[in-house]
Amino acid sequence: MITKIKIAAFGLISLLACKSYAQECHNVYPYVQGIVSDNNGYDLFGFMKKNAKDVEVKAPKIKEYSGDTWGYLQIRGVKVPSVDINRIDDRWEKNHLSYSQFINATLALCNTKDGMKATWWTRQCNNPKGPVFNMRTDEDAKGEVPIVKYTDITKELTEKKFTLIEYNNTNYNRRDFDQFVKNYITVEKGIIKDAEEYKSIIEFYNNFLSKFTYVEDPLLEDKSFLTFFSTSKNKFMGWFNIENSKLSGHIEPLDLQFERDRDTVVNHVFKKLEHKTVYVYGDDVFGMEKTLLNYGYDHHIKMIRRKTSTDKKFNKEK
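Residue numbering note: each chain is counted from 1, following its sequence as written. Selection of residues for local features in this predicted model requires a pLDDT of at least 70, selection of side-chain atom pairs for listing and counting requires 80 or more, and totals for whole chains, interfaces and linings are taken over all residues. Computation of side-chain values: all heavy atoms of the structure, hydrogens and water removed.

## Considering the confidence of the model for the chain
Working step 1: Averaged over all residues, the pLDDT of the chain is 89; the fraction at 70 or higher stands at 89%.
Working step 2: Low confidence marks residues 1-22, where pLDDT is under 50. Its contacts with residues over four positions away, or in another chain, come to 44 contacts. The pLDDT value expresses, per residue, how confident the predictor is, ranging between 0 and 100. What makes two residues a contact is simply this: any of their non-hydrogen atoms within 4.5 Å.

Pasting the structure below:
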């Protein structure tokens, strides 16, 4: 039996509005029921079943440790078939799907002030810079967690000082979060195994944030930031760029077993940093001083060292 989903009115309006996109691609939209419940478990229902309890444990800890000033989001990227818009009349039909042109969808869970919520979004034509797309389906009411439009979640997160985003795989678009939330940090799920580590992370980055007069400063847009700190379980390195007048960051554990590992780590992280002026922030860089200085000299990068006790603001170099 062919599965059919009626297009919402806003979907039709959006279809007409993206005429320029349609001229470039015929597969603007995803198979929306596939995102929600019809993708062999790689869908929002499957994501809820596997991860909702994990979010229920972590989100309250982050709320407690931050005094409710940080948000928490857990995400997963999935691929779903696209729909050929030349075949759309008033319905999206399963036999009109293109399995050769997939669209990336982001699934998300958030413990909001009104309880656990789930959402998803894609970009039209699978273009990372394309318009964001989301719509309701008849399946939404059957989920274990209420499904809402992504803006119902991200609106709340924009009020937080930071949002910690744990990802289940790397198939996500950082540009989404540059647009949707305020300052944010991504980290791979499973890296933080002890909830007490969240406390150390929040304390360190609250202090880091206090070193800015304000983030929305044009003088910061040509600067990047490299941070180092430790918890009871791990040594961490974090990098940040300013995107859309926000701190866009990522943290990962440091495993420096051999001397050559330092070169590997530094080469890796500087591919993520966008600018030639880099603040190195933290009390201990874990024996990487020489490696950082050599890399900066070889690549004409100006490095400015700052410790956590400094009274200086990043907005002023002197």
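Let us keep going from here.
## What about the side chain of Lys117?
Working step 1: Think of it this way: any DSSP run of H or I at least four residues long counts as a helix, any run of E at least two long counts as a strand, and we number them from the N terminus. Tracing the backbone through its elements, the reader meets Lys117 in strand 6 (residues 115-123).
Working step 2: Only protein chains enter the calculation, and the probe is 1.4 Å; a residue is then buried if its accessible area is under 20% of its type maximum, exposed if over 50%, and partly exposed in between. For this count, His and the chain ends are skipped, Lys and Arg are scored as positive, and Asp and Glu as negative. Salt bridge, as used here, is a side-chain nitrogen of Lys or Arg placed within 4 Å of a carboxyl oxygen of Asp or Glu. At 4.5 Å, Asp114 is the nearest oppositely charged side chain to Lys117, a buried residue that forms no salt bridge.
Working step 3: Not counting the four nearest positions on each side in its chain, Lys117 is found in contact with Ala108, Leu109, Cys110, Thr112, Val145, Pro146, Val148 and Ile153.

## Brief notes about the packing of helix 8 (residues 259-270) against helix 9 (residues 289-298)
Working step 1: An axis is simply a line fitted to the C-alpha atoms; with a helix, the fit covers only the stretch in contact. Between two such axes, the angle follows the N-to-C directions and lies from 0 to 180 degrees. At a minimum axis separation of 10 Å, helix 8 and helix 9 run at an interaxial angle of 50°. Between helix 8 and helix 9, the angle is such that the two are oblique. Where helix 8 crosses over helix 9, the two elements pack in a sense that is right-handed. Together, Arg262, Asp263, Val266, Asn267 and Phe270 of helix 8 and Thr291, Leu292 and Tyr295 of helix 9 make up the contact between the two elements.
Working step 2: The class makeup of the residues in the contact of helix 8 with helix 9 is four nonpolar, two polar and two charged. Our angle categories are set so that under 35 degrees counts as roughly parallel, over 145 as roughly antiparallel, 65 to 115 as roughly perpendicular, and the remainder as oblique. Helix crossings get a hand from a simple test, with the near helix turned counterclockwise from the far one by less than a right angle marking a left-handed crossing and a clockwise turn marking a right-handed one. Three residue categories are used. Nonpolar comprises Ala, Val, Leu, Ile, Met, Phe, Trp, Tyr, Cys and Pro, charged comprises Asp, Glu, Lys and Arg, and polar comprises the others, including Gly.

## A short note on the environment of Ile301
Working step 1: Turning to its location among the elements, Ile301 is positioned in the loop between helix 9 and strand 14 (302-306).
Working step 2: A sequence separation of 25 residues divides Ile301 from Lys276, and the C-alpha atoms of the two residues are 4.7 Å apart.
Working step 3: Apart from the residues within four sequence positions on either side, Ile301 is in contact with Phe270, Lys276, Val278, Tyr295 and Gly296.

## Things to note about the packing of aromatic side chains
Working step 1: Stacked, edge-to-face and tilted labels apply to pairs of Phe, Tyr and Trp rings (six-membered ring for Trp) whose centres lie within 6.5 Å, assigned for plane angles under 30 degrees, over 60, and everything in between, in that order. The tally for this structure, following the rule as stated, stands at 32 aromatic pairs.
Working step 2: Here the aromatic rings of Tyr29 and Phe133 are separated by 4.6 Å at their centres, their planes lie at 50°, and the arrangement is tilted. Taken as a pair, Tyr29 in strand 2 (residues 29-30) and Phe133 in strand 7 (residues 132-133) lie far apart in primary sequence, 104 residues in all. Comparing Tyr29 with Phe133, the two get one shared label, buried.
Working step 3: For the ring pair Trp120 and Phe133, a centre distance of 6.2 Å and an interplane angle of 55° mean the geometry is tilted. Taken together, the positions of Trp120 in strand 6 and Phe133 in strand 7 put the pair 13 residues apart, joining distant regions of the chain.
Working step 4: Assessed through its relative accessible area of 3%, Phe133 is described here as buried.

## A word on the packing of helix 4 (residues 44-66) against helix 7 (residues 196-209)
Working step 1: Contact pair helix 4 / helix 7: the axes reach a minimum separation of 9 Å and the direction vectors enclose 40°. By the criterion of interaxial angle, the relationship of helix 4 to helix 7 is oblique. Here helix 4 and helix 7 pass one another in a crossing that is right-handed. Seen from helix 4, the contacting residues are Lys58, Ile62, Tyr65 and Ser66; seen from helix 7, they are Glu196, Tyr198, Lys199 and Ile202.
Working step 2: Residue classes in the contact of helix 4 with helix 7 are distributed as four nonpolar, one polar and three charged.

## Here we look at the pairing of strand 11 (residues 235-243)
Working step 1: For strand 11, a buried count of seven out of nine residues is recorded, marking the element as mostly surrounded by other parts of the structure.
Working step 2: Of the pairings in the sheet, the one linking strand 10 (residues 223-230) to strand 11 comprises seven bridges and is antiparallel in character. In the strand pairing of strand 11, Ser230 is matched with Lys235.
Working step 3: Only strands that DSSP links by at least two bridges are regarded as paired with each other. Between the antiparallel neighbours strand 10 and strand 11 lie four residues.
Working step 4: Two elements, strand 11 and strand 12 (residues 246-253), share eight bridges in a ladder whose sense is antiparallel. From the neighbouring strand, Phe236 faces strand 12, where its bridge partner is Pro253.
Working step 5: Once strand 11 ends, the chain turns through two residues before running back antiparallel as strand 12, passing Asn244 with a positive phi of about 55°.

## Comments concerning the nonpolar core
Working step 1: As used here, the term nonpolar core means buried Ala, Val, Leu, Ile, Met, Phe, Trp, Tyr and Cys residues forming a set that is joined through side-chain atoms within 4.5 Å. The biggest cluster of nonpolar side chains holds 55 residues, and the ones touching the most others in it are Trp70, Trp120, Tyr205, Phe208, Phe212, Phe225 and Leu247.
Working step 2: The element best represented in this core is helix 4, accounting for eight residues.
Working step 3: In this structure, Tyr205 is in contact with Trp70, Phe162, Ile185, Thr227, Phe229, Gly238, Phe240 and Ile251, ignoring residues within four places of it in sequence.
Working step 4: Ranked by size, the runner-up nonpolar core spans 18 residues in total, among them Trp239, Phe270, Tyr295 and Ile301.

## Details of the environment of Gly130
Working step 1: Relative to the helices and strands, Gly130 is located in the loop between strand 6 and strand 7.
Working step 2: In this structure the C-alpha to C-alpha distance between Gly130 and Val28, which are 102 residues apart in sequence, comes to 9.7 Å.

## Regarding helix 5 (residues 150-157)
Working step 1: Listed in full, the buried residues belonging to helix 5 are Tyr150, Ile153, Thr154, Glu156 and Leu157. Projected down its long axis, helix 5 carries its buried residues within an arc of 155°, all on one side.
Working step 2: Of the surrounding elements, those touching the buried residues of helix 5 are strand 3 (70-83), strand 5 (97-112), strand 6, strand 7, strand 8 (162-167) and helix 6 (174-180). Our arc is simply the arc of the directions from the helix axis toward the C-beta atoms.

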